[in-house]
Amino acid sequence: MSRIFNFSAGPAVLPLEVLKEVQEELLDYQGTGMSILEMSHRSPSYEKVNAEAEEDIKELLGLGDDYCVLFLGGGGSLQFSMVALNFLTPGKKGGYVITSTFSDKAMKEAQKIGETSILFSSKENKYNRVPRPEELSYSNDLAYVHITGNNTIEGTEFMDYPETGEVPLIADLSSDILSRPIDASKFALIYAGAQKNIGPGGVVVVIARKSYLAGRDKALPTMLNYEVHMENNSLYNTPPVFGVYIVGKVAKWLKAQGGLEVMAKRNEEKAKLVYDVIDAHPDFFRGYADKDSRSLMNVTFGLPTKELEAKFATEAKAIGLDGLKGHRSVGGLRASIYNAIPKAGCEKLAKFMEEFYQNNK
Ligand SMILES: *Cc1c(COP(=O)(O)O)cnc(C)c1O
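Computed from a predicted model, the values in this text were never measured in an experiment.

Engineer: Any chance you could explain the overall build of the protein here in plain terms?
Structural biologist: Of the regular secondary structure elements, the protein holds 10 helices and 14 strands. Against the globule reference of 21 Å for 361 residues, the protein gives a C-alpha radius of gyration of 21 Å, in line with a compact fold. Reported as C-alpha extents along the three principal axes, the dimensions of the protein are approximately 65 × 55 × 30 Å. The contacts of the protein with a sequence gap of at least 6 include a subset with a gap of at least 24, amounting to 65%.

Engineer: Honestly, the site of the ligand in this entry has me stumped. Any pointers?
Structural biologist: As a matter of local geometry, the ligand sits amid 13 residues, with S77, T152, D172, Q195 and K196 nearest to it. A distance of 2.4 Å separates an oxygen atom of the ligand from a polar atom in the side chain of T152. D172 is positioned such that a nitrogen or oxygen atom in its side chain is 2.6 Å from a nitrogen atom of the ligand. Relative to its unbound accessible area of 390 Å², the ligand is 85% covered by the protein chains. Top element by residues in the shell around the ligand is helix 3 (residues 75–87). It accounts for 4 residues. Of the residues assigned to the shell around the ligand, the class counts are 2 nonpolar, 9 polar and 2 charged.

Engineer: Hey, could you run me through the pairing of strand 5 (residues 142–148) in this one?
Structural biologist: In summary, the side chains of a regular strand alternate between the two faces of the sheet. For strand 5, the tally of buried residues reaches 7 of 7 residues, placing the bulk of the element in the interior. Bridge count for strand 3 (residues 93–98) against strand 5 is 4 bridges, and the pairing is parallel. Bridge assignment links G95 to a residue of strand 5, and that residue is V145. Across 4 bridges, strand 5 lies against strand 8 (residues 169–172) in parallel orientation. Paired with H146 across the bridge in strand 8 is I170.

Engineer: How do you make sense of the side chain of N339 when you look at a structure like this?
Structural biologist: Within the secondary structure, N339 is located in the loop between strand 14 (333–336) and helix 10 (343–360). Within the structure, N339 has its side chain in polar contact with the backbone oxygen of L178 (distance 2.9 Å). Apart from the residues lying within four places of it in its own chain, the contact partners of N339 are I177, L178, S179, N197, W253, L254, M263, N267 and K270.

Engineer: Help me understand the domain arrangement of the protein, please; the structure alone is not making it clear to me.
Structural biologist: The parts lose accessible area when they come together, and the size of an interface is often stated as this lost area. Here the protein is partitioned into domain 1 (26–257) and domain 2 (258–360). Placing the centre of domain 1 and that of domain 2 at their C-alpha centroids yields a distance of 27 Å. In this assembly, 31 residues from domain 1 lie in contact with 27 residues from domain 2. Roughly 2,200 Å² of surface becomes buried between domain 1 and domain 2 when both sides are summed, with 54% attributable to carbon and sulfur atoms. Viewed at the interface, domain 2 and domain 1 are joined by 0 salt bridges. Considering every element that reaches the side of domain 1 that touches domain 2, the biggest residue donor is helix 7 (residues 241–257), with 5 residues. Looking at the side of domain 1 that touches domain 2, its residues break down into 12 nonpolar, 11 polar and 8 charged.

What counts and what doesn't
Throughout this document, residue positions are counted from 1 along each chain, in the order its sequence is written. Note on the predicted model: pLDDT of at least 70 is required for a residue's local features to be given, and 80 or more for side-chain atom pairs to be given and counted; whole-chain, interface and lining totals, by contrast, use all residues. Side-chain figures throughout are based on the complete set of non-hydrogen atoms in the structure, without hydrogens or water. Here a strand is any run of E in DSSP of at least two residues, a helix any run of H or I of at least four, and the numbering for each starts at the N terminus. Restricting the calculation to C-alpha atoms gives the radius of gyration, and the globule rule supplies 2.2 Å times the number of residues raised to the power 0.38. For this analysis, residues touch if any pair of their heavy atoms sits within 4.5 Å. For this purpose, a residue is taken to be near a molecule or strand whenever a single non-hydrogen atom of the residue falls within 4 Å of it. Residues adjacent in sequence count toward polar contacts only when both atoms are side-chain atoms; beyond that, a polar contact is any pair of N or O atoms within 3.5 Å, and within protein one must be able to donate a hydrogen and the other to accept it. Here the open area of atoms and residues is found with the Shrake-Rupley method and a 1.4 Å probe, where only the protein chains shown may cover a residue. In this count, Pro and Cys sit with the nonpolar residues alongside Ala, Val, Leu, Ile, Met, Phe, Trp and Tyr, while Asp, Glu, Lys and Arg are called charged and the others, Gly among them, polar. For every residue, the accessible area obtained with a 1.4 Å probe (protein chains only) is divided by the maximum for its type, and the residue is called buried under 20%, exposed over 50%, and partly exposed between those limits. We treat two strands as partners when DSSP finds at least two bridges between them. What counts as a domain boundary in this text is fixed by an automatic or database domain assignment. A quick way to say it: buried area is the sum, across both parts, of accessible area lost when two parts are put together, with a 1.4 Å probe. The salt bridge criterion pairs a side-chain nitrogen of Lys or Arg with a carboxyl oxygen of Asp or Glu, the two atoms within 4 Å.

Set out below in structure tokens:
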């Protein structure tokens, strides 16, 4: 077996320890004589998986009983609609901070449901940055403020979250959830497609203040009503069981690493290795994001020509560094260095970048 360093943006690398445990347990889950894929979601074994995944995520984020964690289907993209359906009440506007293609998509879904307002947009500059807190203001006709915490395609990330006061703050943290400690209690609701940083495709993690989900419109389609999922502990219908099981294992893995403080330190060191090469040769490695807005999860850059970019990706792949091609919408190169990328992966990438520069400058 040979495992490569996988810099894919998502679905993305998972901790090897987690994959091995999954492999070991696959045919006989903890003495039940069957796999977790084959058992009822109402069984005690699965209920334990579901409950522990919720508890571990809350523990990692330092949240108490006033918050719940839900495991839903439909990907990050269905959350764009669910947020608006549940919280965009008549007479109010959904406030959107547009820092990426994904924020724009979130707003477009809300526009099908109600009124929206753009609080900030870096679209004209190809989404090269996130706003500073003082660039944002909040009128009292806002139902909520929606931000995209980490902009997966462009490689920018909020390090300081907006202070929205009385206005509920909602965040799409699909690509940086559980990568560092945050003050999660600032948020009315956080959602994250698991496949970037904490699990496989097919499950979305929603972390929400219970009081914010309560008392919602009973006329909403049942499956699109957060309150239904909260009241049923994510077991209203058959949940994406395999995904939840893996997310639960990743949460335990994060705890075993020492929690989010340790992950933050490791992620900062990893990102620095790659950004340092970019900064050493800025005419060659053209960083996409403003320095102040750089993401610790997705490092985006271009090279002087498209031919060099293609060559870079091909040569990198040949030495076991895969998934470095940028998103089709922005081109260039992107190294996604999520939690499960070991530091050795970033060291090898940085070394390759330096050599590529010397050979092609
Ligand atoms: C990938 C991604 C999405 C979309 O998630 P899907 O699960 O593919 O629907 C939304 N927001 C962000 C920030 C993402 O990175």
